[in-house]
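Single-letter residue listing:
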Amino acid sequence: MPQQTILTPKGFAAAGLHAGIHERKGNDLALIVNQGPAWNAAAVFPDSRVCASSVRATREVMRSYAVNAVVLTTGNANAFNGSTGDADTREIQKRVSQEIGVPEDRVAVCAKGQFAVPLPMERVKTGLAKLATDLGDTPAHAESAAAAIASTQGTINQAGVSCGAWSVGGISQGAGNSQETLDTVLGCLTTDALVPAFSLEKALRRAMETTFNTLDRSTAPLTNDTVLLLASGASQVTPNQTQLDEAVLAVCEALVEQLLVNQGSATKKLTLAVAGAANDEEARIAAQAVACDGRFRESLLSGAPDWPRALAIAGKTKVCLDAEALEINVNGTQLCQGITPLLTSRVLDYDEHVTITLDLGTRGVGTATVRTLLEPM
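Cut-offs used in this document
- Throughout this description, residue numbers start from 1 for each chain and increase along the sequence as written.
- In view of the model being predicted, local features appear only for residues whose pLDDT reaches at least 70, and side-chain atom pairs are presented and counted only at 80 or more, with totals across whole chains, interfaces and linings using the full set of residues.
- Based on all heavy atoms of the structure, the side-chain values leave hydrogens and waters out of the count.
- UniProt positions are given in the numbering used here, feature names are shortened, and annotations may be inferred rather than shown by experiment.
- Secondary structure is summarised from DSSP: a helix means a run of H or I of at least four residues, a strand means a run of E of at least two, and numbering begins at the N terminus for each.
- The globule rule used for comparison is 2.2 Å times the number of residues to the exponent 0.38, while the radius of gyration itself is calculated over C-alpha atoms.
- Buried residues are those whose accessible area, probed at 1.4 Å on protein chains only, stays under 20% of the maximum for their type, while exposed residues exceed 50% and partly exposed ones sit between those limits.
- With residues, only the protein chains shown are counted as cover, and all accessible areas are computed by Shrake-Rupley using a 1.4 Å probe.
- Under this rule, positive means Lys or Arg and negative means Asp or Glu; His and the chain ends count for nothing.
- By convention, charge coordinates are those of NZ in Lys, CZ in Arg, CG in Asp, or CD in Glu.
- In the cavity and pocket records, a cavity denotes points on a 1 Å grid over the protein atoms alone where a 1.4 Å probe fits but cannot get out, a pocket denotes an open set with protein on both sides within 12 Å along at least 5 of 7 lines, and lining residues are residues with an atom within 4 Å of a point.
- Grid points are joined across faces, edges and corners, and a volume is the space filled by probe spheres set on the points.
- Whether two strands pair comes down to DSSP finding at least two bridges between them.
- Working convention: axes come from line fits to C-alpha atoms, limited for helices to the stretch in contact. Angles between N-to-C directions cover 0 to 180 degrees.
- Two aromatic rings, drawn from Phe, Tyr or Trp (for Trp, its six-membered ring), form a pair once their centres lie within 6.5 Å of each other, and the interplanar angle then sorts them: stacked below 30 degrees, edge-to-face above 60, tilted otherwise.
- Any carboxyl oxygen of Asp or Glu within 4 Å of a side-chain nitrogen of Lys or Arg constitutes a salt bridge here.
- Oblique is the label for any angle not under 35 degrees, not over 145, and not in the 65 to 115 range, which are roughly parallel, roughly antiparallel and roughly perpendicular in turn.
- The sense of a crossing depends on the near helix, which, turned anticlockwise from the far helix by less than a right angle, makes the crossing left-handed and, turned clockwise, makes it right-handed.
- It only takes one pair of heavy atoms within 4.5 Å for two residues to be counted as in contact.

- The chain appears in an unreviewed UniProt entry as Arginine biosynthesis bifunctional protein ArgJ from Corynebacterium lipophilum.
- Word for word, the UniProt comment on the chain under Subunit (unreviewed entry) is "Heterotetramer of two alpha and two beta chains."
- Recorded in UniProt under Subcellular location (unreviewed entry), the annotation for the chain is "Cytoplasm".

## What to know about the overall build of the chain
- Across its full length, the chain carries 10 helices and 15 strands.
- Relative to the 2.2 N^0.38 estimate, which gives 21 Å for 377 residues, the radius of gyration of the chain is 22 Å and therefore close to what a compact globule would have.
- Overall, the C-alpha framework of the chain stretches about 70 × 45 × 40 Å when taken along its three principal axes.
- Sorting the 377 residues of the chain into buried and exposed places 55% on the buried side.
- Accessible surface for the chain amounts to roughly 15,800 Å². Of this, 50% is attributable to carbon and sulfur atoms.
- If you average the places of the 30 positive and of the 39 negative side-chain charges in the chain, the two averages end up 4 Å apart.

## With respect to empty space enclosed by the protein
- Under the definition given, this model contains 1 cavity of 30 Å³ or more.
- In this structure, the largest cavity encloses a volume near 40 Å³.
- Around the largest cavity, the lining residues are Ser54, Thr73, Asn78, Thr89, Ile92, Val109, Ala111 and Leu119.
- Listing elements by their share of the lining of the largest cavity, those giving two or more residues are helix H2 (82–100) and strand E5 (107–114).

## Re the sheet that holds strand E7 (residues 166–172)
- The strand order across the open sheet formed by 5 strands is E3-E9-E8-E7-E6, and the pairing between neighbours is mixed. With one partner strand each, in any of the chains shown, strand E3 (40–44) and strand E6 (158–163) form the two edges of the open sheet. Strand-to-strand, the axes of this sheet are offset by a mean angle of 10 degrees, without reference to chain direction.
- Relative to strand E9 (residues 226–231), strand E8 (residues 186–191) is paired through 6 bridges, and the arrangement is parallel.

## With respect to the packing of aromatic side chains
- Enumeration over the complete set of coordinates arrives at 1 aromatic pair.
- Here Phe80 and Phe115 contribute two aromatic rings whose centre-to-centre distance is 5.3 Å and whose plane-to-plane angle is 65 degrees, an arrangement assigned as edge-to-face. Residue Phe80 is found in the loop between strand E4 (69–76) and H2, and its partner Phe115 is found in the loop between E5 and helix H3 (121–134); the two are separated by 35 residues along the sequence.

## Side note on the pattern of salt bridges
- Applying the stated rule across the entire model yields 14 salt bridges.
- The partner of Arg309 in a salt bridge is Asp293, with the nearest N and O atoms 2.6 Å apart. Pair noted here: Arg309 is in helix H10 (residues 307–316) and Asp293 is in the loop between helix H8 (280–291) and helix H9 (294–302), with a separation of 16 residues, a long-range link.
- On the accessibility criterion, Arg309 (23% relative accessible area) is partly exposed.

## Structural notes on the packing of helix H1 (residues 53–61) against H2
- Contact geometry of H1 with H2 gives a least axis separation of 9 Å together with a crossing angle of 50 degrees. Between H1 and H2, the angle is such that the two are oblique. With respect to the hand of their crossing, H1 and H2 are arranged in right-handed fashion. Between H1 and H2, the residues in contact are Ser53, Ser54, Arg56, Ala57 and Val61 and Gly82, Gly85, Asp86, Thr89 and Gln93, respectively.

## Focus: the pairing of strand E11 (residues 327–330)
- Bridge count between E11 and strand E12 (residues 333–337): 4 bridges; the pairing is antiparallel. Along E12, the bridge assignment pairs Ile328 with Cys336.
- In terms of strand pairing, E11 meets strand E14 (residues 353–359) through 4 bridges, oriented antiparallel. What sits directly across from Ile328, in E14, is Leu358.

Here it is in structure tokens:
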């Protein structure tokens, strides 16, 4: 079976190239075009009052819930560049409009990279002109676009799912070290389903909750995060909401799994789930606090989980918990019942994926999950 990509859905074309935005070799500029006959779209942006020019511009585009083209760049976030950065983003939209004949106010822009560094606009404009002539719908075109938002060379992050006569595909930022990988979340999903924008938004937000939103973003600036879902309607098939939700979720899950790849034998993946909380928000607070504690993370890398510290960190958050009913499991092994240890040794034998379940013991229905990479300091 051919690899599923962002161009598996019909009605889309893409291209990527090295424009010289990023100092490294490899693609750093991409263009994805929705060729219709529909141009419905949904988007999710960062929960931050300080955003990059690309986010502000794309928010304006999304007022119409329609996107004809998406520009993606890496190497320069075009953030904290003041009015010059805003003007450069508008120029990108204008150039794409002129090159491929789409409305300027329906060109979305996504960027990641250095802050407070002006975009090399002459290189960008030259690159956009070249991309307009290079557009295609082959797997090679999909890979060239995905490569443009990779964190390091060779970390192509793309996925897709076929649902009979219609499909969903997508790309997101490629994997690098954990800090670089999770610093900015950029993603673009496509579908050839014929569905309205409100259905796209429901599907995207539901998928985000259990995929991208579970990533540890505690140290991320959240200035540039953008995930888009575009629908071309080219299949002329209208799935129901549940079918659309499931397909979009499958693609998002695959993209997140590709993000959390091991960068070496000393690196491990961590999935920390909190259950038994009074509500989801308290579960999220506890999960974030435990997963982000440096000393606890170091203990997981050593193979000797410091579960007392994890419980102490959870208690420090002031969320509701029952100290006598607390439970913590590591890869299926229960380490304690309340504050009483169940094992004589803390040393466990586990592989590169550490799965932790922390039950706060309140018998509440609140849950939350945090996923991240553990790397030696």
